[in-house]
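# Residue-level structural notes
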Amino acid sequence: MKYEKTIKVLDEKGVKIPKFLLDCSDDKYNVKNIGLKNLEEVKKILDKRNPKLNNYFLGISTNKMNWLCNWVEKNIVPYLKTVYGTQCNGRVINLPLEIIEFRKIHEYCFDMDETWIADILLCAKKVDEGFFFNIMKAKSYGLWDIDNYYGKCKEGFSIYLDSDDLIYISITKEENKTDKIYLSHEVGHAYYNYINKKQVETFDDFIDTEYEAIKFSILCMLNESEEIFEEFISNILSDICLKLTNIYLSMELAKDKYNIDKITKKYFNIILRITPWLVDIDDYKKSSMKYNWMNIVLIDELDEYNVYYLISEIRALFWGVEKNFICNINFGGENICEIITKINTLF
């Protein structure tokens, strides 16, 4: 069967299978959802952790990781503190996690004519006319699933159909400007597949496809208002900080997964430095919040994907600065190529 794995992935994600793919297979697949309900599961997860993944994080240099944390704290955190309203006395306003879901962007709803899709297609045409015709072909084959329906997963994703050199794209709409961001991101992945003609397989592939996706989203958001664009860039910066704290936690767990108090103290210190806008110090004194890092383990967020996203987001950020698309971040005259090289050698 031509796209058996693709059909299985789509079915597990609860999305409708396009007729183009169903012509290749009539098989049905069952979905199994495994839920983790208590903190005792944390130790079980750590015990079962992939040894190769554990060794990967063990191999990260502590000194180099500290350098990266210092660099982010110096160059990114100060700007985000002003964006997210840190109080001058050091105690941070307790903002909900929705701040990384574009607070202002949600206020701007689309008209019914869906011109935002036309904006993305026009941007694709400006980037590469051949790519524009490729995604238009995929769209005409029903390989763009942007409708909402019961059972569909919220996650946006794209899958390269190598036999036909086409890309399947799925997003769940929220009927606001985030839709443009999510769809343009997946179209950016499609552009990576279009120019490379291959599946994403290696470490470098993952970084490169995310890099193209973020770059394309930046290009698509340039015609939005200054307020919306800055909110969008702030989200990228915030995600860099969040990914860095996840990588730091992964490294500490690999070194000493059962020293709970030591890990708790180190993790609290790093999020206070790198993501202070998400921290309420008084809440963290409560026992219910003290071990909140365990929830990150429970939802299985500690993998190498944090590294892929971190590197690709920083690369895209530098690209935007070099192109003068991003003007609100100043790296103090540091050599961008040297920084990228140093980050690449870190992982």
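Source: prediction; values computed, not measured. Within every chain, residues take consecutive numbers counted from 1 along the sequence as written. Local features in this predicted model are restricted to residues of pLDDT 70 or higher, and side-chain atom pairs are both shown and tallied only at a pLDDT of 80 or more, whereas totals for entire chains, interfaces and linings draw on every residue. Side-chain measures here rest on the full set of heavy atoms in the structure, leaving out hydrogens and waters.

Among the nonpolar cores identified, the biggest contains 60 residues, and Met 65, Leu 68, Val 72, Ile 76, Ile 218 and Phe 347 are the most heavily contacted of them. Where this core is concerned, the elements lending two or more residues are α4 (51-58), α5 (62-75), α6 (77-84), α10 (203-221), α11 (226-256), α12 (260-274), α16 (305-322) and α17 (336-346). It is α11 that contributes the most residues to this core, 16 residues altogether. Among all residues touching Ile 218, those that are not within four sequence positions of it are Phe 229, Phe 232, Ile 233, Ile 236, Ala 316, Trp 319, Phe 325 and Ile 326. Throughout, nonpolar core names a set of buried Ala, Val, Leu, Ile, Met, Phe, Trp, Tyr and Cys residues whose side chains join them through atoms within 4.5 Å. Residue burial is assigned from relative accessible area. The probe radius is 1.4 Å, only protein chains are included, and a residue is buried under 20% of its type maximum, exposed over 50%, and partly exposed in between. Counting residues in each nonpolar core, the second largest holds 22 residues, with Phe 132, Tyr 160, Ile 169 and Ala 190 among its members. Counting from the N terminus, the helices are the DSSP runs of H or I reaching at least four residues and the strands are the DSSP runs of E reaching at least two. Contact between two residues is taken to exist if any of their heavy atoms lie within 4.5 Å; hydrogens are not considered.

Only Phe, Tyr and Trp rings take part, Trp by its six-membered ring, and two of them pair if their centres are within 6.5 Å. Stacked means planes under 30 degrees apart, edge-to-face means over 60, and tilted covers everything else. If you walk through the whole model with that rule in mind, you get twelve aromatic pairs. Judged by centre distance (4.7 Å) and plane angle (5°), the ring pair of Phe 206 and Tyr 308 falls under stacked. Within this pair, whereas Phe 206 is found in helix α10, its partner Tyr 308 is found in helix α16, the two being separated by 102 residues in sequence. The class for Tyr 308 is buried, based on a relative accessible area of 7%. Relative to Tyr 308, the ring of Tyr 305 has its centre 5.3 Å away and its plane inclined at 85°; by these criteria the two rings are edge-to-face. Residue Tyr 305 and its partner Tyr 308 are both found in helix α16; the two are separated by three residues, about one turn of the helix. Here Tyr 305 falls in the partly exposed class, since its relative accessible area comes to 37%.

The three strands are arranged β1-β3-β2 in an open sheet whose pairing can be described as mixed. With one partner strand each, in any of the chains shown, β1 (144-145) and β2 (157-161) form the two edges of the open sheet. Strand pairing is assigned whenever DSSP identifies at least 2 bridges connecting the two strands. Direction of pairing for β2 relative to strand β3 (residues 166-170): antiparallel, over a ladder of five bridges. Following the sheet pairing, Phe 157 is matched in β3 by Ser 170. Note on geometry: axes are C-alpha line fits, over the in-contact stretch for helices, and angles between N-to-C directions span 0 to 180 degrees. In the packing of helix α9 (residues 178-196) onto the sheet, contacts are made with β1, β2 and β3, and the angle to β3 comes to roughly 160°.

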